Structures are given as structure tokens and as C-alpha cells.
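Coordinates in review
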Amino acid sequence: MNRTEPIIRFTNIQKKYGDFAALKPINLEIFKGELFGFLGPNGAGKTTLIRILTGIIKATGGTVSIGGFSLEKEPESAKRMLGYVPDRPYLYEKLSPLEYFDFMGGLYNVKQSEITSIGEKLLKLFDLWNKRNDLIESFSHGMKQKVAMSAANLHKPDILVVDEPTVGLDPKSVKLAKQFFKDMTLEGKTIFLTTHTLSVAEDLCDRIAIIRSGEIAAIGTLEELQTKASMPNNNLEDIFLKITEEENLPKAII
Amino acid sequence: MRTLLFFCAIFISIAIYFGLLEFLTYVGKGETLGPTLGPVIGYFILSKLLEMLFMALFFMLLFSSIISALSFLFLDEELSILMASPTKIITIFRSRFILMTIDSSWMTMIFFAPVFFAFATAMRAEALSYLLFILFLCLFVLLPNICGAGTAVLLSSFFPVRQMRKVFQFLSILVLTGLVFFIRSLEAEKLLNTKHFEKVSDYLLSIQLPLSAYSPSVLIHQSSMHLFNGNLKAAFSNIFPLIIILVFGLLALNILASKYYRSAWQFSLEALDNQILGMERLRKILIWPLKYFKRDFKVIAEKEITTFLRDPAVFSQIFMMGAIILVYAYNLSILPLKDIPSFYSKSTNNALVFLNGPFIGFIISAISMRFVYPSISMEGRAFWSVKSSPISPQRIMFIKFTLYLFPMLILSLILCTITNTLFEVSHSYMLWLSYFNVIMITFVVTSLAIGVGTVFANFSADSALKISGSYGGFIFMILSGLYIINLIILELYPMYRTTFFKNNLDLGYASPSLFWINIIIIFVCTASWIYIPFKKGLNAINAYEPD
């Protein structure tokens, strides 16, 4: 990881829905080769920031730069650097995984031969090769998640953005996915992920940001967060609860 | 917007009512058959038309109710929560039955109401008859829904429900297509022409016999005829058997639901949908030429064709549309104009050829509403994958526009060629004008379908039928109609100068200028009609934030 070279830069990013500020001005830099975890309680703004990063929704203010390309001014070049796996993998149900790969690969202008070879490798990795010609409509949530994850990597993106990667996956697949992310960072790729499974973040992430009510409440490595929270021997769960103030909830509610 | 739509709906209902009333009054008088025989035969024809209408309504509702029942009783996402609640299973069934009845019937009822009222007025019914007729109609509508719900529950106990829904959607379109041909094959127009009278004398002898004795459509038909004639006692005695059938039907449905609904719902959860219906060869043929196109166009077009062919509810509508086109062409071929020499002239033929373009435009609009208008919405919740990709929204819309424009242009040009041949167009100016008109209309209608379809996109709708039958679909049809009217108005002056009166009037100096100004306005207007909806759609797609 090269900490001098931010590959993603959020500058004063904010998002408002009427009077409600889903994201207050956020400034954040993610570095090349980094596995960055973005944590926060429900409704804190994690998915909103991810959707701004992937160009699905537009920020009310601020700028996003991806690999030096401005998402607002050069959206095509910026988006080409990203692969995105959403939290709810809605796919084209009437296509098979291979047809879906052809479609997604075509949108990113990936060569047909590469789509075929990368698609085969990933489907085999995720135990879906024997389902390659079945319609996606018959797949479970976890299987769709694996298809979405494979499709996001067809164009060999420099940055993989993953929203809740472990939801719906069985333990074997979770292990596979974690190893897959680690291997990607070893190849110099950057991963931006959100998760509620704090053990996953603790295992994988080089740095972690905790968002609370649309603002970044803390950011750093696990050790840095422990220091900031004055909890040197505690795990990420304790730190997370302290920072997001959930530990102060009445015991009866918890 | 809702107020505008409401008033548009009222306007269309009034237009249907008065248009049909004019036609039915003409048919009822039977003027071409003379003052004595005409009204008698006219009355029989009205009665027969009404009976056919009830029969068509019954079958439409029957199939629509089976499809609705499968959705509302088995496939709806809310059902899991309801089934897990402490509510009695029969209460859940009853509430879903009421919802499915409303869902399957409301649109048909709204469309048919002004049609039936036109019949009532043509037969000079009294005010009370209209009110009672609404009650009778509600009773009649209930029956196909009972049959539909019962069929759905029984079949779902034995067969995978998701496949059945596809099969019934397919069958319902085939049945409707058959009905269009059946009704047209009765050739009711021959009854008004003495030239054909000998041929139809046998038919006249049997015209008073119902199409099928004791069928529900016959019961409602006979009671309605009595109602419209002011004979309330006979009307009630005819509707009484229908009420008895309904009571027994509801009781039987209740027993059936108590016994089988829960287990059928359970079975529906186990039956996964994973079949590619046998359209693969056609799909491969259709996508083969795409390899010569640019990559993004190729993959988006391939995806559109594949999803289209794998959704029987969508592609089966081609049969319905095909039937409408054939009936339109057939109607033109039997236009009895040449049988009336006093009316027929070259100018009449030219006027008809001139109006043929706009008529084709309406057919193209109807087809676009079914196939082109839903294309953006049908991206569904998977639209995130396109929106997060490097393809720009302009490019997506342009690809969709081009993709649908091509088959629409081919279709409109084929229609125009066929109808021009039927009209025996000899005037080359009129011939080229008709092609010019359909090309202009097809460009505008396709752009409107994509643009309005994007502005009113519903990415969570589960069927193209729902999307095209929505408010946005309605707005699209209104706008298409407005453009066609706009085009006709703008072409009236050049037509007037060049075709009808060019030999009779002195053109002078001003007229050629006006002529060319008019032509320029036509192009500017058409370009605006193409650009504005496209731009509005683009703004909507840019602003859209998927779930």
C-alpha cells in the first residue's frame, strides 16, 4: 500500500434529501492497494457514500476523484476503474450467469475471450460453474451475490467497491470471498468495503472508517482506533459500539 | 398531473361513448336496408354485437383473473408475512380474492363501461336501467373471477405456479387473438349491404339464437336487452340464474380454499422457476447480426432480445398485435366505397390514402406502448449495473431508441406498402407522402415511447403489461395522438395546394412561400417532438436514484 497516492478522494461530499442531510461534508482519501473498511450503524450513510462513489446517485455537493479522474467531469473514465458489488444483488433474472457476464463485460468493453476465461475461473472459484447456463431467477441470494461479485471483476478493475459482501453467503463462501479480497490487494488492487460483520473488517481491513449520522466519527488502522477510543486491548466491536455510542443504550434495549 | 390524467380519461371515455353511439345508432336504423326491414335487422345486429361483447368480456376477465389469482394468491411477497401471522387462512384468501378481483377487472370495466352505455343509449334505455346495469355488470364480472381463483387454487396444488402463470399469460393472449379473428370473421358489415343479402339470409334466420345457451354471457346479455327495453321484470328473471350460480360459486370457492389454499401456497414456494422456453433458436438467429455492431450496442441489444423472448407475457403479445394489423388490412380491403359510385372519386381515395398514414401511426403507437414504452422500466432493479458502468445515459437511451426504431420502421413501411396496394394508389405524390408520414410518425412515436417511458419509469414493476397500462403509458398514447393530429394539421395546406385543388386555384406568389414555410414547420415540429421527450427522458435517467 502506498499512502502517498490516494486512488479515491472524496472532497466535501454531501448528500441531502430535502432538509435531511444523509451525508454531512465528508473528506476521505483511500490509497492504492488498500483494503478499506467503512463501518457504521444502520442509516449512517455507508451505502449512500458507496452509491455516490459508483455514480449511481449524485452528491448534493463536493467532488469525487477516482484514479485522478473526476467522477463529475469524466464519469466514463472514472467508472471504468471501478467494479461494484451491491448489498442487494438485483440482476437480470432472465439471463444466465454467462449471458450476464457477456452483458457486463460488453459495457466495460472487455474482450470476449477474456470474459470467457475470467468468467469461467470465477464461476469455478465460487462453485457456480455447473449453474452457468441456468437462469439467474432460480438462484438464491448468496448465489446472485457470487455472480455479481464475479461480474464486477470481469474488467479487472483497479478498485473493487463491495457493499455488505458476506450477507447471504455460506461460511465456505465467506472464507472464499475473504481470501479473494486479500489476493486482490496483493495484486495492488484497492478494495472499499462496508460490512456489519465486524470480525470480517477486523480480519481484512488495513484501515477502517466509522461513520455516524452522516459524519466520519473515526478513521485509522485498528491500533489507531484503539488508541483514539482509549481501549487498547479491546476488539473492533467494543470500539465500534463506543464510537457509535450504542454501548450507552439502556441494557434492557440491548 | 393526476388531474390532467383524470380529465384525459374522461375525455377518452366520452369520445368512445359518442363515437360508438353514432355507429350503433347508424347500425340500429339499418338505413341501407330500407325503412321497414332496416330497424328490425338493425336491432338484431345490435343485440348480437352486445352478446359478442359480453362473451369477449367474459373470456378476457377469465384469463386475466387466473393470472391475477396466481399473483395475488401465490406469488405476492406480502403473503409470507400474512401466512406467518395469526390470521385465519380463509380470511387471508378472502382478502386476496377481493384484491385480485379489483386488479383483474378495473381496467376492463372502465374501458367497457362507455361501450355498454353507448348500447343502452342507442336502444333508448331509461335512467334507472343504467344504474341497474352497473349492478348487473358487477355480478357478471364476479363470476370469471370466482372461476379464475378456483382454477388457480386447484392447479397450484399440482403444478409449479410460476410456470403456470407464464402459460396462462401466453394462452390469454392467444385467446384474445382468436377472439379478434372470430369477431371479425362474423362480417357484420355485410348485414348492412343489400349486395350481400342473399348470402347472409341463412345467418339472419339464426341471428336470434344465442351463441351458447345458458352461458353466463347469454344470461347477462338477455337481461341487459330486457333492461334497455324497459322490461325490468324480465331483466330480473334473467339475471336470477346468474345470482344463483354466483352464490354456489362463492360457496364452492370457500370450500376449495379452506381445503387446498394453504397446501397449494406451500407447494408454490418449492417450485422454482428455471426454464428457458423453446425460443433459443429464434434468439440466436435474431442476435446473430448484432456481431457487426459496436460492442455496447451489441450487448444491450442482445440483452433486450433475450429478456423479451424469455418472457412469454411480453412476446406473446406479438400475436395480438399481429391480429390487429391483419384485421386493419382486411378492413381496408373490404371498404365498400367502390360500391357507392356517387361517393367514390379519385379525391376520396386520395383523402383516404392521406389519412392512412395517421391511422398506421395509431397502430404503431399501440405497438410501441406494449413493447417500446416499457423498455427502460424493464431494466428493473438491475438498472444499477448499467448506471454504475461507464456507459453514459445518453448512450443507453440512444441505443434503446435505435434498437426499437429499426423494427418499428420496418413494420410501419410494410403496413404502408400493403395498405397503399389495397388503396391502389396511382398518384406518386400521395404514395411518397404516405411513406414520409409513417417515417415521421415512427421516429416521433419511438422517441416518445423511450422518453415518456423513462420519465414515468417504474423499475419495481414485475411485468411489462403493468408498465404499459400505467399512467405514463396513457400519457404516451395521448402525446402520440397529439403529434399525429399536429402532423395532419400541418400537412393540410400543402395537401390542399398540391393535390386537391392545384388545378383550380391560382397559386400566386405568396402560396409557394407558404407551402415551403409549412414544410419547414413540419420538419421543425417533428424534430422538436423527437428531441424534447428524449431530452426529458435523459434528465429523468440522470436524476434517477435506484434503490
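Residues numbered from 1 in each chain as written. Chains lettered and ligands numbered in written order. Predicted model: local features only at pLDDT ≥ 70, side-chain atom pairs only at ≥ 80, totals over all residues. Heavy atoms only, no water.

1. So, the confidence of the model for chain A
Residue and element names in this part refer to chain A. Model confidence for chain A is summarised by a mean pLDDT of 89, while 95% of its residues fall at 70 or above. The spread of mean pLDDT over the elements of chain A runs between helix α9 (residues 236-243), the lowest at 85, and helix α3 (residues 97-107), the highest at 95. Scored below 50 in pLDDT, residues 249-254 shows three contacts in the model against residues more than four places distant or in partner chains. (pLDDT = per-residue confidence, 0-100. Helix = DSSP H or I, 4+ residues; strand = E, 2+ residues; numbered from the N terminus. Contact = heavy atoms within 4.5 Å.)

2. Comments concerning the packing of aromatic side chains
Counted under the stated rule, the structure contains 34 aromatic pairs over all chains. Considering the side-chain rings of A:Tyr92 and A:Tyr100, the 6.3 Å spacing of their centres and the 50° angle between planes classify their relative orientation as tilted. For A:Tyr92, a relative accessible area of 4% translates into the label buried. Aromatic rings pair up to connect B:Phe54, B:Phe58, B:Phe112, B:Phe116, B:Phe117, B:Tyr130, B:Phe133, B:Phe140 and B:Phe228 into one cluster. A cation over a ring is seen here: A:Lys124 above A:Trp129, with NZ or CZ 5.1 Å from the ring centre. (Phe/Tyr/Trp six-rings, centres within 6.5 Å; stacked < 30°, edge-to-face > 60°. Buried < 20%, exposed > 50% of the residue type's maximum accessible area, 1.4 Å probe, protein only. Lys NZ or Arg CZ within 6 Å of the ring centre and 35° of its normal.)

3. Some remarks on the interface of chain B and chain A
Counting residues at the interface gives 33 residues for chain B and 39 residues for chain A. The junction of chain B with chain A conceals about 3,100 Å² of combined surface from both sides, 57% of it contributed by carbon and sulfur atoms. The largest contributions to the chain B side of the interface with chain A come from B:Arg295, B:Trp384 and B:Pro390, which together make up 24% of the buried area. On inspection of chain B and its partner chain A, the count reaches three salt bridges. Note that B:Arg310 and A:Glu99 form a salt bridge whose closest N and O atoms lie 2.7 Å from each other. Counting across the interface, chain B meets chain A through ten residue pairs in polar contact (both at pLDDT 80 or more). (Buried area = accessible area lost by both parts, 1.4 Å probe. Salt bridge = Lys/Arg side-chain N within 4 Å of Asp/Glu carboxyl O. Polar contact = N/O pair within 3.5 Å; in protein donor to acceptor, adjacent residues only side chain to side chain.)

4. A closer look at the pairing of strand β6 (residues 82-85) of chain A
Every other side chain in a regular strand lies on the same face of the sheet, so the side chains alternate between the two faces. All names here are of chain A. Burial along β6 is two-sided: the face carrying Leu82 and Tyr84 and the face carrying Gly83 and Val85 are both buried. In terms of strand pairing, β6 meets strand β7 (residues 159-163) through four bridges, oriented parallel. Pairing of valine 85 across the sheet is with valine 162, part of β7. (Pairing = 2+ DSSP bridges.)

5. So, the sheet that holds strand β9 (residues 207-212) of chain A
All names here are of chain A. The six strands lie next to each other as β6-β7-β8-β3-β9-β10, forming an open sheet whose pairing is mixed. For this open sheet the edge positions go to β6 and β10 (215-220), each flanked by a neighbour on one side alone. Ignoring strand direction, the axes of neighbouring strands in this sheet form an average angle of 15°. With five bridges connecting them, β9 and β10 associate as antiparallel partners. Bridge pairing in β10 links isoleucine 210 to alanine 218. Contacts between α9 and the sheet are confined to β3 (35-39), β9 and β10, with β9 contributing the most and set at about 30° to the helix. (Axes fitted to C-alpha atoms, helices over the stretch in contact; angles between N-to-C directions.)

6. Topic: unusual backbone geometry
Residues and elements named next belong to chain A. Phi is positive for glutamate 164, close to 50°, though the residue is something other than glycine. Relative to the assigned elements, glutamate 164 resides in the loop between β7 and α6 (171-186). Take glutamate 164: its relative accessible area is 9%, and that puts it in the buried class. In this model, serine 213 sits at a positive phi of 50°, which is unusual for a non-glycine residue. Positionally, serine 213 belongs in the loop between β9 and β10.

7. Quick look at the nonpolar core
One finds A:Phe10, A:Tyr100, A:Phe181 and A:Phe192 to be the most contacted residues of the largest nonpolar core, which totals 155 residues. Residues within four places of A:Tyr100 in sequence aside, it is in contact with A:Leu91, A:Tyr92, A:Leu95, A:Ile136, A:Val147, A:Ala151, B:Trp384 and B:Ser385. In terms of nonpolar packing, the next biggest core, distinct from the first, is built from 65 residues, B:Leu57, B:Ala122, B:Phe133 and B:Ile239 among them. (Core = buried A, V, L, I, M, F, W, Y, C linked by side-chain atoms within 4.5 Å.)

8. Topic: the pattern of salt bridges
Going through the model one piece at a time under the given rule, you end up with 20 salt bridges over all chains. The residue B:Glu379 makes a salt bridge to B:Lys400 at a minimum N-O spacing of 2.7 Å. Taken together, the residues span a long stretch of sequence, with B:Glu379 in the loop between α14 (346-371) and α15 (383-387) and B:Lys400 in helix α16 (residues 393-423) at a distance of 21 residues. A relative accessible area of 5% means that B:Glu379 is categorised as buried. Three or more residues joined by partner-sharing salt bridges are found here, namely A:Glu99, B:Glu280, B:Arg283 and B:Arg310.

9. A short note on empty space enclosed by the protein
All names here are of chain A. Taken as a whole and assessed by the stated rule, the structure comprises two cavities of 30 Å³ or more. In this structure, the largest cavity spans a volume of roughly 70 Å³. When residues in the lining of the largest cavity are grouped by element, the largest group, three residues, is from helix α5 (residues 141-152). When its residues are assigned to classes, the lining of the largest cavity shows eight nonpolar, three polar and no charged. (1 Å grid on protein atoms, 1.4 Å probe; cavity = no way out; pocket = protein on both sides within 12 Å on 5 of 7 lines; lining within 4 Å. Points joined across faces, edges and corners; volume = space filled by probe spheres on them. Nonpolar A, V, L, I, M, F, W, Y, C, P; charged D, E, K, R; others polar.)

10. Describing the layout of surface pockets
Residue and element names in this part refer to chain B. As a volume, the second largest pocket reaches approximately 960 Å³. Residue lining of the second largest pocket: 28 residues in total, with Leu286, Ile305, Phe308, Leu403 and Pro407 positioned closest to the centre. Of all the elements in the fold, those that place two or more residues in the lining of the second largest pocket are α10 (280-287), α11 (295-309), α13 (317-333), α14 and α16. Sort the elements by how many residues they give to the lining of the second largest pocket and α16 lands first, with eight residues. Grouping the constituent residues of the lining of the second largest pocket by class yields 25 nonpolar, two polar and one charged.

11. Regarding the environment of A:Leu128
Residue and element names in this part refer to chain A. Topologically, leucine 128 is positioned in the loop between α4 (112-125) and α5. The exposure class assigned to leucine 128 is buried, which follows from its relative accessible area of 2%. Sequence spacing of leucine 128 and valine 147 is 19 residues, and the spatial spacing of their C-alpha atoms is 8.2 Å. Leaving out residues up to four positions away in the same chain, leucine 128 has contacts with Leu123, Met143, Lys146 and Val147.

12. Points about α16(B)
Residues and elements named next belong to chain B. The first and last C-alpha atoms of α16 sit 43 Å apart over 31 residues, in line with the 45 Å expected at 1.5 Å per residue. In the structure, α16 departs most strongly from a straight axis at leucine 405, where the bend amounts to approximately 25° and where the proline proline 407 lies between one and four residues downstream. Downstream of α16 by a residue or two, glutamate 424 has a phi angle that is positive, lying close to 50°. (Expected span 1.5 Å × (residues − 1). Bend = angle between axes of the 7 residues up to and from the residue.)

13. Considering a nonpolar patch on the surface
Where nonpolar side chains cluster on the molecular surface, the patch consists of B:Phe240, B:Ile243, B:Ile244, B:Val247, B:Phe248 and B:Leu251 and spans about 560 Å² of accessible area. Locating B:Phe248 in the fold gives a position in helix α9 (residues 232-270). (Patch = residues over 30% accessible without salt bridge, like charges linked within 9 Å, V, L, I, M, F, W, Y side chains within 5 Å. Areas by Shrake-Rupley, 256 points an atom, 1.4 Å probe, with all protein chains shown as cover.)

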